[in-house]
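Next come the chains, spelled out residue by residue.
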Amino acid sequence: VAVNKDSDLVHIAHVTAELAPIAKVGGLGDVVTGLARACLSRGHTVDVILPFYECIPTRQITELTLICTYNSYYDGNWVPTKAYRALISGIPVILIEPSNHFFKGQTIYGGSYNELEAYVFFSRACLEWMQVTGTQPDIIHVHEWQTSALPLLYWDMYHNLSLKKPRIVLTIHNMEHYGECRKEQLSKSGLDGDVYATADKAVDDRTIGHNPERLSLLKGGIVYSNAVVTVSPTYMKETLCSGWLASTLIKHRDKYNGILNGVDTAIWNPATDIFLPAQFNAERIERKKICKQYVQKGLGLATETITSANDIHVVMDKIPLIVCITRLVPQKGLHLITHAIKHVVELGGQIVVLGKASDGRVEREFKGLADLHKQGPSIRILLMYSEELAHLLYAAADMVLVPSVYEPCGLAQMIGMRYGAIPIVRKTGGLADTVFDIDDHSNHEISNGFVFEGIDEGSLNSALDRAFAYYKEKPDEWKNLVQKVIKIDNSWNNTAGKYIGVYNSVRAR
Ligand code: ADP
């Protein structure tokens, strides 16, 4: 798709803990890649600065070149650090590799080092790199608590040294993680932790009066950034109304924005997707059926037979396949996911869950379910992270389930729609901004899925029941709906412009 170039060009440096596809754990990785690519194609200059995690598969990196070796301060020492330039999925990246134990191990998170201290080190190492190389982007775009110490380090340290031009934008992808930090941990960066232990700076408000030692990097990031963005308009409203950061956000409301994430259409495109046995688009949805059969066969689920390749009705009214692709954490509505597994089968459908748990108890619970159903005709629970399977499952699915308790934005429902899977979602955060119920007649133009409100099983049942009835009883409408959701533009083309607006509103002129 040809994209018009913007006239007022910005140099943006993202500082992030994740980048899809090489260092992705959840939506954060997708968002940075997608937004970076969209800004590049509009003519802006973009660098993404990422820790050089030991677990990054180097075969997916092109043009890896060492650009400098420098020292970055940490806890009384200067740590020799290497900066590499590389191209990842077409995006210019700077990889920061300290010579100490930070970022070593087989996973992005959960290594044997102190994560908080590693990211505080990384935040300073990025600024130090800019200083030694004389790199002065217009915007330093930080993400989540991991890089929220950077705004403090910038305004109270590096801006007094040689970095004058950059302004800071912080995107909060999930308010649940706020970077709980002891004063002395922040002091290891070279800042004085005591200075930030006040209500108007970084002290964790929940502990005022009894634990003034505790700071929140995310709160500090909100206070010290020039603009703060969260990932959907509804989540923005929700976070202004509840949660302990609400009072800080209200105070800084003038610089707080809700901008919906987009889908990276270079990675997520059913018409060109190399992982699929058959590519498709809204005009050729009969080929989606081939993907469904491929997945059913591959997983040993009961298959439907294609009576006629062109007659989608014959095959679409049999066994609906529903997928749920998610991190298995409480936020995602674990009790609703396990309930859906039962209810979908009662309704005569099939369900595949692709998920990774980070908690042992959750892992065991889902492993038990997986083992119980692994030979059956209708249920598969795949406890792993697999980019390839995710692509295949979205393509194969008739429906995509996102029953989150809360959801800042959510990509699964948007990716699912692009691949012709009808979303069934709980009405919260970004799900409420992107999915509109078929039976809400005031919204007919934009209706595109099934929405429920309660966090109880009955609410979920009613949405599943309605979706299954629609699928079975109204095959023509269902087909139209599939074509409609594939055509919805939830890409970054649509929303990157709002970020450019934020960049332009804060940049130094
Ligand atoms: P979050 O950021 O909270 O994890 P999002 O819906 O915003 O949730 O983004 C999740 C992203 O991660 C989507 O691209 C989804 O397809 C992907 N994903 C989640 N779990 C897995 C998994 N086990 N395997 C492959 N992809 C996954």
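Only a predicted model underlies this, so the values are computations on that prediction, with no experimental measurement involved.

Draft legend 1. Focus on the overall build of the protein chain. Secondary structure assignment for the protein chain yields 17 helices and 17 strands. Radius of gyration (C-alpha) of the protein chain: 23 Å, near the 23 Å computed for a compact globule of 509 residues. Along the longest, intermediate and shortest principal axes, the C-alpha atoms of the protein chain span 70 × 50 × 45 Å. A burial count over the protein chain gives 47% of its 509 residues as buried. Across the protein chain, contacts joining residues at least 24 apart in sequence account for 69% of those joining residues at least 6 apart.

Draft legend 2. Quick peek at the pairing of strand β2 (residues 45–51). With five of seven residues buried, β2 is to be regarded as a mostly interior element. By the bridge criterion, five bridges tie strand β1 (residues 11–15) to β2 in an arrangement that is parallel. Considered in β2, the bridge of Ala13 is made with Asp47. Considered for its hand, the β-α-β crossover made up of β1, helix α1 (residues 27–41) and β2 is right-handed. Sheet topology places β2 next to strand β5 (residues 91–98); four bridges connect them, and they run parallel.

Draft legend 3. Geometry of the environment of Asn77. When you line up the elements, Asn77 lands in strand β4 (residues 77–88). Residue Asn77 is classed as exposed on the basis of its C-beta count, with 11 C-beta atoms lying within 10 Å. Between the C-alpha atoms of Asn77 and Ala125, which are 48 residues apart in sequence, the distance is 13 Å.

Draft legend 4. Broad picture of the sheet that holds strand β13 (residues 350–357). In space, the six strands of this open sheet follow the order β14-β13-β12-β15-β16-β17, with parallel pairing throughout. Edge positions in the sheet fall to β14 (379–383) and β17 (450–452), since each has one partner strand and no second. Here the average twist between neighbouring strands, direction ignored, is 15°. Taken together, the five bridges between β13 and β14 define a ladder with parallel strand orientation. The residue bridging Val352 from the neighbouring strand is Arg380, located in β14. Against the sheet, helix α11 (residues 360–373) contacts β12 (321–328), β13 and β14, and its axis sits at roughly 140° relative to β14.

Draft legend 5. Broad picture of the sheet that holds β2. Reading across the sheet, the nine strands line up as β3-β4-β5-β2-β1-β6-β7-β10-β11 and stay open at both edges, with mixed pairing between neighbours. In this open sheet, the two strands that pair with only one neighbour each are β3 (62–74) and β11 (256–258). Strand-to-strand twist across the sheet, computed as the mean angle between neighbouring axes with direction ignored, equals 25°. On top of the sheet, α1 reaches β1, β2, β5 and β6 (139–143); it is set at about 155° to β2, its chief contact.

Draft legend 6. Structural detail: the site of the ligand. In the vicinity of the ligand there are 19 residues, among which Gly26, Gly27, Tyr385, Ala390 and Leu411 approach most closely. Secondary-structure elements contributing two or more residues to the shell around the ligand are α1, β12, β13, α12 (387–396) and α13 (412–418). For the shell around the ligand, a count of residues per class yields nine nonpolar, six polar and four charged. Composition of the shell around the ligand by domain shows at least three residues from each of domain 1 (11–263 + 493–506) and domain 2 (282–490).

Conventions used here
Residues numbered from 1 in each chain as written. Predicted model: local features only at pLDDT ≥ 70, side-chain atom pairs only at ≥ 80, totals over all residues. Helix = DSSP H or I, 4+ residues; strand = E, 2+ residues; numbered from the N terminus. Rg over C-alpha atoms; globule rule 2.2 N^0.38 Å. Buried ≥ 20, exposed ≤ 12 C-beta atoms within 10 Å, placed from the backbone. Contact = placed C-beta atoms within 7 Å. Pairing = 2+ DSSP bridges. Right-handed = clockwise from strand over helix to strand, strands pointing away. Axes fitted to C-alpha atoms, helices over the stretch in contact; angles between N-to-C directions. Near = placed C-beta within 6 Å. Nonpolar A, V, L, I, M, F, W, Y, C, P; charged D, E, K, R; others polar. Domains from an automatic or database assignment.

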